[in-house]
Protein chains: 2
Amino acid sequence: MRQRLTKRGEQRRRQIVDLSARRFATQGYHATSITDIVNELKVGKGVFYWYFSSKEELFREILLTAQHDLRRLQQAAIEGEDDPLRRIELGIRASLDWLGKHRHLFMLFHFAAGDERFSSMIRKGEQVAVEDATRHLKEAIAAGQIREADPTVLGHAILGVINHLTRVLIFELGEPMDRVVDETIAFCLFGLKASTCPSPASKGPDPSD
Amino acid sequence: MRQRLTKRGEQRRRQIVDLSARRFATQGYHATSITDIVNELKVGKGVFYWYFSSKEELFREILLTAQHDLRRLQQAAIEGEDDPLRRIELGIRASLDWLGKHRHLFMLFHFAAGDERFSSMIRKGEQVAVEDATRHLKEAIAAGQIREADPTVLGHAILGVINHLTRVLIFELGEPMDRVVDETIAFCLFGLKASTCPSPASKGPDPSD
DNA sequence: CACAATCTTGACTCCTCAGTCAAGTGTCTC
DNA sequence: GAGACACTTGACTGAGGAGTCAAGATTGTG
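Source: prediction; values computed, not measured.

## Let's talk about helix H7 (residues 119–142) of chain A
Side chains three or four residues apart in an α-helix point the same way, a direct result of the helix having 3.6 residues per turn. A rise of 1.5 Å per residue sets the reference length of H7(A), with its 24 residues, at 34 Å; its end C-alpha atoms lie 34 Å apart and thus fit the reference within 8%. The sharpest bend along H7(A) reaches about 25° and sits at Thr134(A). Buried within H7(A) we find Ser119(A), Met121(A), Ile122(A), Glu126(A), Val130(A), Asp132(A), Thr134(A), His136(A), Leu137(A), Ala140(A) and Ile141(A). Against the buried residues of H7(A) lie helix H4 (55–78), helix H5 (84–101), helix H6 (103–113) and helix H8 (151–172) of chain A together with helix H8 (151–172) of chain B. Remark: Gly144(A) follows H7(A) within two positions and exhibits a positive phi of approximately 75°.

## Here's the deal with the packing of aromatic side chains
Residue and element names in this part refer to chain A. All chains considered together, the criterion is met by 25 aromatic pairs over all chains. Centroid distance Phe 48 to Phe 52: 5.6 Å. Interplanar angle 35°. Geometry classified as tilted. In this structure Phe 48 comes out as buried when scored by relative accessible area, which is 0%. Three or more aromatic residues joined by ring pairs form one cluster here, namely Phe 24, Tyr 29, Phe 59, Phe 111 and Phe 118. Note that Lys 55 overlies the ring of Tyr 29, its terminal NZ or CZ placed 4.5 Å from the centroid.

## Section: the confidence of the model for chain A
Looking at chain A, the pLDDT average stands at 90 and 91% of residues meet or exceed 70. In this model, residues 196–209 of chain A is a region of pLDDT below 50 whose contacts with residues beyond four sequence positions or in other chains number 15 contacts.

## Looking at the relation of the copies chain A and chain B
Between the two copies of the chain lies a rotation about an axis combined with a shift along it. With an RMSD of 0.1 Å, chain A superimposes on chain B once it is rotated by 180° and translated 0.0 Å along the axis. The superposition operator between the copies reduces to a two-fold rotation axis. A high fraction, 92%, of the interface residues of chain A reappear at the interface in chain B, so the copies pair face to face through one surface.

## Here's the deal with the interface of chain A and chain B
Taken together, the contact between chain A and chain B spans 52 residues of the former and 51 residues of the latter. Taken together, the two surfaces of chain A and chain B that pack against each other cover about 4500 Å², and 65% of this comes from carbon and sulfur. Measuring nitrogen to oxygen at the nearest pair gives 3.6 Å for the salt bridge that ties Glu172(B) to Arg123(A). The interface formed by chain A and chain B includes 11 residue pairs in polar contact (both at pLDDT 80 or more). At the level of secondary structure, the elements contributing two or more residues to the side of chain A that touches chain B comprise H6, H7, H8 and helix H9 (177–190) of chain A. Ranked by residue count, the leading element in the side of chain A that touches chain B is H8(A), at 15 residues. Its residues placed into classes, the side of chain A that touches chain B shows 27 nonpolar, 14 polar and 11 charged.

## Section: the protein's contact with DNA strand D
The environment of DNA strand D is made up of 23 residues, and the closest members are Lys45(A), Lys55(A), Thr6(B), Gly44(B) and Gly46(B). Within 4 Å of the protein, the contacting atoms of DNA strand D are 66% sugar and phosphate, with bases supplying the remainder. Between DNA strand D and Gly46(B) there is a distance of 3.0 Å, counted from a base oxygen to a backbone nitrogen or oxygen. Those elements that place two or more of their residues in the surface near DNA strand D are helix H3 (45–51) of chain A together with helix H1 (7–27) and helix H3 (45–51) of chain B. Looking at which element gives the most residues to the surface near DNA strand D, the answer is H3(B), with five residues.

## Thoughts on the protein's contact with DNA strand C
Taken together, the neighbourhood of DNA strand C is formed by 23 residues, with Thr6(A), Arg12(A), Gly44(A), Ile34(B) and Lys55(B) sitting nearest. Restricting attention to atoms of DNA strand C within 4 Å of the protein, one finds that 65% of them are sugar or phosphate atoms. At a separation of 2.6 Å, a phosphate oxygen of DNA strand C approaches a polar side-chain atom of Arg12(A). Tyr49(B) places a polar side-chain atom, nitrogen or oxygen, 3.4 Å from a phosphate oxygen of DNA strand C. Those elements that provide at least two residues to the surface near DNA strand C are helix H1 (7–27) and H3 of chain A together with H3 of chain B. Among the elements that line the surface near DNA strand C, the one with the most residues is H3(A), at five residues.

## Quick notes on the state of the cysteines
Scanning the model with the defined rule gives zero disulfides over all chains in all. With no disulfide of its own, Cys188(B) lies 10 Å from the sulfur of Cys188(A), the closest cysteine sulfur.

## Quick notes on the packing of H1(B) against helix H4 (residues 55–78) of chain B
Each packed pair of helices is defined by two parameters, the angle between the axes and the distance between the axes. Residues and elements named next belong to chain B. Interaxial distance between H1 and H4 falls to 10 Å at its minimum, and their mutual angle equals 85°. In terms of orientation, H1 lies roughly perpendicular with respect to H4. Along its contact with H1, which presents Arg 13, Val 17, Ser 20, Ala 21 and Phe 24, the element H4 presents Lys 55, Leu 58, Phe 59, Glu 61 and Ile 62. Broken down by class, the residue content of the contact of H1 with H4 amounts to six nonpolar, one polar and three charged.

## What about the pattern of salt bridges?
Residues and elements named next belong to chain B. Under the defined criterion, the tally for this structure stands at 38 salt bridges over all chains. Here Arg 71 makes a salt bridge to Asp 132, at a shortest N to O gap of 2.8 Å. Of this pair, Arg 71 sits in helix H4 while Asp 132 sits in helix H7 (residues 119–142), and the two are 61 residues apart along the sequence. One salt bridge in this structure joins Glu 175 and Arg 179, with 2.3 Å as the shortest N-O distance. According to the relative accessible area criterion, Glu 175 is partly exposed, its value standing at 22%.

## Points about the environment of Val17(B)
Residue and element names in this part refer to chain B. Locating Val 17 in the fold gives a position in helix H1. For Val 17, a relative accessible area of 17% gives the class buried. Those residues in contact with Val 17, other than ones at most four positions away along the chain, are Phe 52, Leu 58, Glu 61 and Ile 62.

The rules we used
- Residues numbered from 1 in each chain as written.
- Chains lettered and ligands numbered in written order.
- Predicted model: local features only at pLDDT ≥ 70, side-chain atom pairs only at ≥ 80, totals over all residues.
- Heavy atoms only, no water.
- Helix = DSSP H or I, 4+ residues; strand = E, 2+ residues; numbered from the N terminus.
- Expected span 1.5 Å × (residues − 1).
- Bend = angle between axes of the 7 residues up to and from the residue.
- Buried < 20%, exposed > 50% of the residue type's maximum accessible area, 1.4 Å probe, protein only.
- Contact = heavy atoms within 4.5 Å.
- Phe/Tyr/Trp six-rings, centres within 6.5 Å; stacked < 30°, edge-to-face > 60°.
- Lys NZ or Arg CZ within 6 Å of the ring centre and 35° of its normal.
- pLDDT = per-residue confidence, 0-100.
- Least-squares fit on C-alpha atoms with pLDDT ≥ 70 in both.
- Buried area = accessible area lost by both parts, 1.4 Å probe.
- Salt bridge = Lys/Arg side-chain N within 4 Å of Asp/Glu carboxyl O.
- Polar contact = N/O pair within 3.5 Å; in protein donor to acceptor, adjacent residues only side chain to side chain.
- Nonpolar A, V, L, I, M, F, W, Y, C, P; charged D, E, K, R; others polar.
- Near = heavy atom within 4 Å.
- Disulfide = S-S within 2.5 Å.
- Axes fitted to C-alpha atoms, helices over the stretch in contact; angles between N-to-C directions.
- Parallel < 35°, antiparallel > 145°, perpendicular 65-115°, else oblique.

Here is the structure:
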């Protein structure tokens, strides 16, 4: 952090980050000791503390990097799309895609969400994601593409579906990616009902109360 | 577990369970030591190990009891309701109700889901819940009340929405219970679209195919 | 080469915490 | 009240892990 790194130093640092992320994901954060990590790298313990001031700092960095990476992908995915509802769909697809490709990082998010030390980071990341989504949701509501509802709530509901379906279907049941993507989008758009509904973008007339 | 408990013993045991559950929820499982617990109860350490063989066993018991309690409430809530879609709705309401009333246990579920030692229990519990829901979902599909889709997926999607909205809206944003309940149900039924749909529990008329 | 900065070593310290145990107290039962 | 069983005590053990540090190796630079 504080000192300048040579090329060799950069490499070592990345080596530590990558290995740790994987071990944290497979064995768990608590079950992975610094000693484990440096042993696997066949280096002395001081090496770790040359690059990171603590295990916690390392983990925070892993999380933050992952969050930024995911967000970057989401934004790249929707770039240039005009239809707000379509942007949402593309965002969902991009997210699932990223999660599928970085399963170990998904595991880390999952762990972090349940740990007091890190849950605030996850919350912050989710908030950012929902704020991003909120913009498109508002537009879509204004355009009458989707029902009137608090866009923040909608955003979080979508997030909940993505997280849970990803975990259960992809990680635990080993379902194929595409199917999960389609099911997720179908549920987010239509919920349980509404195969019977009028086709997609009808103007919203009279809400019930 | 193994020995018979006197009334005094039962009381002590419950005392330990209750206090631990609360401390695990507020300070975190790892941050709560057995020493903490017995100190707060002003008893010797041996007391703990008279009633429980390990910290892990205690936590498992807390989880299991909570899961059973939640399920009991869900089943009581839908008992006697004929309409399958309505049963689902009642089940969702009951779940949210229970989660709101036992926030500390919800926190424990959340932690447990992200920890390798306990996540299998959570998965199992979720599976049971989804299997319960699946029965009603299948019926509802057969009756043409909801769209055709894999009921397991639908069940998990609902679970994801419940969990996430509960956490974010109730625990983090402090939204009133009723609003969250309504929003959750609305999202599960209609997704983003379909304010235009026929009102909630109409008898299933003509399915599309 | 010199000498400075980066990087590495690994034994060591410090601490926390789960779990044990031998000895003691309280309570129930006959 | 005597013996049995339930409960309690709290110092102790042992394991394990985070983080330190003084000394040494390697690399970059003038």
